[in-house]
Amino acid sequence: MRAYQSAGGWLFTLLASLFIGTLFAEALFNEALSPPELATWAFPFVGTLLGAFLAFKYLGIDEAVKREELRAGAINRAILVLVSQVNYLSTVKAELFKDNDSPEQVSNLRAFPNPPSSHIRQRVEELVFLVELGESGLIMALEREQRRYDDCLLHLNIRNDLLFDVIHPLVARTGIMGKPITLEQFKSVLGEMNYGRWEVATHNVCQAVPSSLESIPALIGRLCDTGKKLFPRRTFIGIADIPKARIE
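Residues numbered from 1 in each chain as written. Predicted model: local features only at pLDDT ≥ 70, side-chain atom pairs only at ≥ 80, totals over all residues. Heavy atoms only, no water.

Before going further, it helps to examine the packing of helix H4 (residues 136-174) against helix H6 (residues 192-230). One can describe the packing of H4 onto H6 by two numbers: an axis separation of 8 Å at closest approach and a directional angle of 155°. As the angle between them shows, H4 and H6 are arranged roughly antiparallel. The interaxial crossing formed by H4 with H6 has left-handed handedness. Considered class by class, the residues forming the contact of H4 with H6 number 20 nonpolar, nine polar and five charged. (Axes fitted to C-alpha atoms, helices over the stretch in contact; angles between N-to-C directions. Helix = DSSP H or I, 4+ residues; strand = E, 2+ residues; numbered from the N terminus. Parallel < 35°, antiparallel > 145°, perpendicular 65-115°, else oblique. Left-handed = near helix turned anticlockwise from the far one by under 90°. Nonpolar A, V, L, I, M, F, W, Y, C, P; charged D, E, K, R; others polar.)

Looking now at the packing of aromatic side chains. For the structure shown, the criterion picks out two aromatic pairs. Plain terms: the ring middles of Phe129 and Phe231 are 6.3 Å apart, the flat faces sit at 55° to each other, and that makes the pair tilted. Here Phe129, found in helix H3 (residues 129-132), pairs with Phe231, found in the segment after H6; they are 102 residues apart in sequence, far enough to count as distant. The class for Phe231 is buried, based on a relative accessible area of 6%. Ring geometry for Phe186 and Tyr195: centres 6.3 Å apart, planes at 80°, overall edge-to-face. (Phe/Tyr/Trp six-rings, centres within 6.5 Å; stacked < 30°, edge-to-face > 60°. Buried < 20%, exposed > 50% of the residue type's maximum accessible area, 1.4 Å probe, protein only.)

A pair can form between side chains of opposite charge whenever their charged atoms are brought close. Following the criterion strictly, the structure yields nine salt bridges and no others. Between Glu68 and Arg233 there is a salt bridge whose closest N-O contact spans 3.0 Å. A residue pair is termed long-range when its members are at least 10 positions apart, and Glu68 in helix H2 (residues 35-96) and Arg233 in the segment after H6 qualify at 165 residues. Classification of Glu68 by relative accessible area gives buried; the value is 13%. Given the relative accessible area of 65%, Arg233 is considered exposed. When the shortest N-O distance is used, the salt bridge between Lys187 and Glu184 registers 3.9 Å. Taken as a pair, Lys187 and Glu184 lie in helix H5 (residues 183-190) at a separation of three residues, close to a single helical turn. Each member of the salt-bridge network shares a partner with another, and the members are Glu68, Arg233 and Arg234. (Salt bridge = Lys/Arg side-chain N within 4 Å of Asp/Glu carboxyl O.)

Glancing now at the confidence of the model for the protein. Keep in mind that low pLDDT regions are not for reading the predicted coordinates in detail. Mean pLDDT for the protein: 78, with 66% of residues reaching 70 or above. Averaged over each element, pLDDT in the protein is lowest for helix H1 (residues 2-29) (56) and highest for H6 (93). Contacts for the low-pLDDT stretch residues 1-6, under 50 throughout, to residues beyond four places or in other chains number seven contacts. (pLDDT = per-residue confidence, 0-100. Contact = heavy atoms within 4.5 Å.)

Glancing now at the nonpolar core. With 38 residues, the main nonpolar core has Ile75, Tyr88, Leu89, Leu127, Leu142 and Leu223 as its most contacted residues. When contributions to this core are tallied by element, the ones reaching two or more residues are H2, H3, H4 and H6. For this core, the leading source of residues is H2, giving 12 residues. The contacts of Leu223, once residues within four sequence positions are left out, are Ile75, Ala78, Ile79, Leu82, Leu138 and Leu142. Core analysis: the next-biggest nonpolar cluster, separate from the first, contains 12 residues, Val106, Leu163, Phe186 and Ala201 among them. (Core = buried A, V, L, I, M, F, W, Y, C linked by side-chain atoms within 4.5 Å.)

Relative orientation and spacing of two packed helices are given, respectively, by the angle between their axes and the distance between those axes. Between H4 and H5, the least distance of the axes is 9 Å, while the angle of their chain directions is 105°. Here H4 lies roughly perpendicular to H5, going by the angle between them. Contact with H4, carried on its side by Ile167, Leu170, Val171 and Thr174, involves Phe186, Val189 and Leu190 of H5 and no other residues of that element. Considered class by class, the residues forming the contact of H4 with H5 number six nonpolar, one polar and no charged.

Further remarks concern the side chain of Glu145. With respect to the element layout, Glu145 can be found in helix H4. Given a relative accessible area of 3%, Glu145 falls into the buried group. A distance of 2.9 Å separates polar atoms of two side chains, one belonging to Glu145 and the other to Ser215. Once you skip the residues sitting within four places of it in the chain, Glu145 turns out to touch Leu82, Ser212, Ser215, Ile216 and Leu219. (Polar contact = N/O pair within 3.5 Å; in protein donor to acceptor, adjacent residues only side chain to side chain.)

Listed below in structure tokens is the structure:
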């Protein structure tokens, strides 16, 4: 688009110059105007022409600046969505593995609230310009990361539903809610089928959340590096801006 505008400006200048030159040559050749009269007539015309050309160039520059601002803003917005996601998942991970380094948190009966910004999703259509700039792989990466995050929320919701609908009523009925019990006692209270469902749901969460916490910061870094490469005058949110304690 910028190339078209630049070519249009030069073409306009060339045609106007040829037109003025032809008029000057015709007037001098036919002696219709003396040189002083010709200069008096030409100066306002040249000034008008120059003003129109500068206005045309300024309009093109202004549009280019606005386009760059919108595109850089779209990249920063995509990063902010990822930051929101990583903050929520890091809180889930800290709660899930609290006081226990084992990846099997079967006896952890904590429920996790929905993320406060669960309505915020990637709008990859705002980043279609990356295709023409040779960065289409980033769009695919954002799509994959959004699906991975959605899978995390799905597994968390399945676990929460099972916790509220099945596990808590069974545990409350036996009077052991909040009391330390062994894994065998826990299995006995739930029964084989319910324990199996709970074990699978917990395992899925323990696999999905840490996986996203590794891939999201890496994608933030890619987006930041690409933004700086394409728009060096703009500032982008980087992985260094996220508290490290939240993503480790």
